[in-house]
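# Structure assessment
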Amino acid sequence: MKQFTAKLVTNHLQRLRISLLIVLCFMAVGLWMDGRLPQSAPVSSDSLAGLTVALDPGHGGYDGGARARDSGVWEKELNLQIAKAVNAALAERGAAVTLTRTGDESLSAEGSGKTRKRADLQKRLDIAENAGADVFLSIHLNEYRDRAESGPQVYYQRGADAGRLLAGCLQEALIEVLQPAKKRAANAGDYYVLRSTRLPAALVECGFLSNAAEEKSLLDPAYHRRIAQAVADGLEKWLQLQKGL
Ligand SMILES: [Zn+2]
C-alpha cells in the first residue's frame, strides 16, 4: 500500500512536471513570436490634435487621371481609397480631416476642358479654406512611359518654403515606412492646387501605376494603410519642426 501510494505521488509529480514544461514551452514560443512580430505604431494618440487637414483625393468623375497599365484601374479610384486610409490614420492621431471628395465625382459640372478642370481644382481649395484647414494635401499616383520608374514622390510649389518643409517631411516618412527601391527627394513643381493657396501644401504621388510591381502594391489595401501611416508620421515630424522640438 505504501509502495502504491509512493508510485501514485511519483506519477502525479511527473505529470505536474510535464504540464509545467508544456506551459513553459508555450511561454517561450509566445515571447519568441512577440519579438518577431512587426511592432505596429501606437493605435491612437493625440500627436496631431489641433491640426486640421484638407485631404484631396485627386481627379474624380469624368477625370480618371492615370490608368494602371496591367489592371486598367483608374488613378481616381485608388486616390480615393488611399485618402480614406490616410483620413483614418490622421483621425486616429487626433487630427480633424476634411476630404474634398468622398465619392467618384468631379467637383465642377460646368465648362469643358481646361476651364472645367480649373474650376474643379479651385473648388477643392475652397473646401480647404472653408474648413479652416492648416494644411492641404493632394493624393495622386504617378505614371511614366519608362516602366522602370518607381517610388513615391512628393511635390511642393516652387519657391514656397512652408510647402518645401512639409513635402520634405512627407517624403522622408514615405521612404522610411515603404522602403521603396528608388528613394526620391521632394521636388519643386508648379501645380494649381499648390500655387493657388496660402496654406502649406504638398502633392503626394504615392507611386507609379506604370511600374508593374508598384501597381500591385498600390492595389493592396494593406499598402494603403502603410502609406497612411507614413503621411501621419510625416505630418507629426512637420509639426514638431514647427514647434522647434
Ligand atoms: Zn493625378
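Residues numbered from 1 in each chain as written. Predicted model: local features only at pLDDT ≥ 70, side-chain atom pairs only at ≥ 80, totals over all residues.

## Here we look at the packing of helix 2 (residues 75–92) against helix 7 (residues 221–242)
Test applied: The angle between two axes is taken between their N-to-C directions and runs from 0 to 180 degrees, where each axis is a line fitted to C-alpha atoms and a helix contributes only its stretch in contact. Runs of H or I in DSSP of at least four residues are treated as helices and runs of E of at least two as strands, each being numbered from the N terminus. Orientation is classified from the angle alone, with under 35 degrees giving roughly parallel, over 145 giving roughly antiparallel, 65 to 115 giving roughly perpendicular, and any other angle giving oblique. Helix crossings get a hand from a simple test, with the near helix turned counterclockwise from the far one by less than a right angle marking a left-handed crossing and a clockwise turn marking a right-handed one. Placing C-beta atoms from the backbone, we regard two residues as in contact once those atoms come within 7 Å.
Where helix 2 meets helix 7, the axes come as close as 8 Å, and the angle between the chain directions of the two elements is 50 degrees. Comparing the axis directions of helix 2 and helix 7 gives the class oblique. Of the two elements, helix 2 crosses helix 7, and the hand of that crossing is right-handed. Here Gln81, Ile82, Ala85, Val86, Ala88, Ala89 and Leu90 of helix 2 lie close against helix 7, whose contacting residues are His224, Arg225, Ile227, Ala228, Gln229, Val231 and Ala232.

## As for the packing of helix 4 (residues 161–178) against helix 7
Our working rule: For this classification, the nonpolar set comprises Ala, Val, Leu, Ile, Met, Phe, Trp, Tyr, Cys and Pro, the charged set comprises Asp, Glu, Lys and Arg, and every other residue, Gly included, is treated as polar.
It is the contact of helix 4 with helix 7, at a shortest axis distance of 8 Å, that shows an interaxial angle of 140 degrees. With respect to helix 7, the element helix 4 is oriented oblique. Note that helix 4 runs across helix 7; the crossing there is right-handed. Residue-level contacts link Leu165, Leu166, Cys169, Leu170, Glu172, Ala173, Leu174, Val177 and Leu178 of helix 4 to Arg226, Gln229, Ala230, Val231, Asp233, Gly234, Lys237, Trp238 and Leu241 of helix 7. Taken together, the residues of the contact of helix 4 with helix 7 break down into 12 nonpolar, two polar and four charged.

## Concerning the environment of Ser196
Here is the rule we go by: To assign burial, the other C-beta atoms lying within 10 Å of each residue's own C-beta are counted, with C-beta atoms placed from the backbone; 20 or more indicates buried, 12 or fewer indicates exposed, and intermediate counts indicate partly exposed.
Among the structural elements, Ser196 can be located in the loop between helix 5 (192–195) and strand 6 (201–208). Look at Ser196 and you get partly exposed, because 14 C-beta atoms sit within 10 Å. Ser196 sits 39 residues away from Gln157 along the chain, and the two C-alpha atoms are 9.4 Å apart.

## A word on the nonpolar core
Under the convention used in this document: Connectivity within a nonpolar core runs through C-beta atoms within 7 Å, and the core itself is a set of buried Ala, Val, Leu, Ile, Met, Phe, Trp, Tyr and Cys residues.
Of all hydrophobic cores here, the largest spans 55 residues; its most connected members are Val53, Leu55, Val86, Leu170, Ala202, Val204 and Val231. Element by element, the count of residues in this core is highest for helix 2, at eight residues. Excluding its chain neighbours within four sequence positions, the residues that come into contact with Val204 are Leu137, Ser138, Ile139, His140, Val154, Leu170 and Val231.

## Focus: helix 4
We count it as follows: Every helix has an expected span of 1.5 Å times one less than the residues it contains.
Taking 1.5 Å of rise per residue, 18 residues should cover 26 Å, and helix 4 covers 26 Å from first to last C-alpha, within 8% of that figure. When we look at burial in helix 4, the residues that qualify are Gly163, Leu166, Ala167, Cys169, Leu170, Gln171, Ala173, Leu174 and Leu178. Summarising the contacts, the buried residues of helix 4 are in contact with strand 3 (135–142), strand 4 (153–157), helix 5, strand 6 and helix 7. Where helix 4 ends, the next residue or the one after it, Gln179, has phi of about 50 degrees, a positive value.

Purely geometric numbers; function is a separate question.
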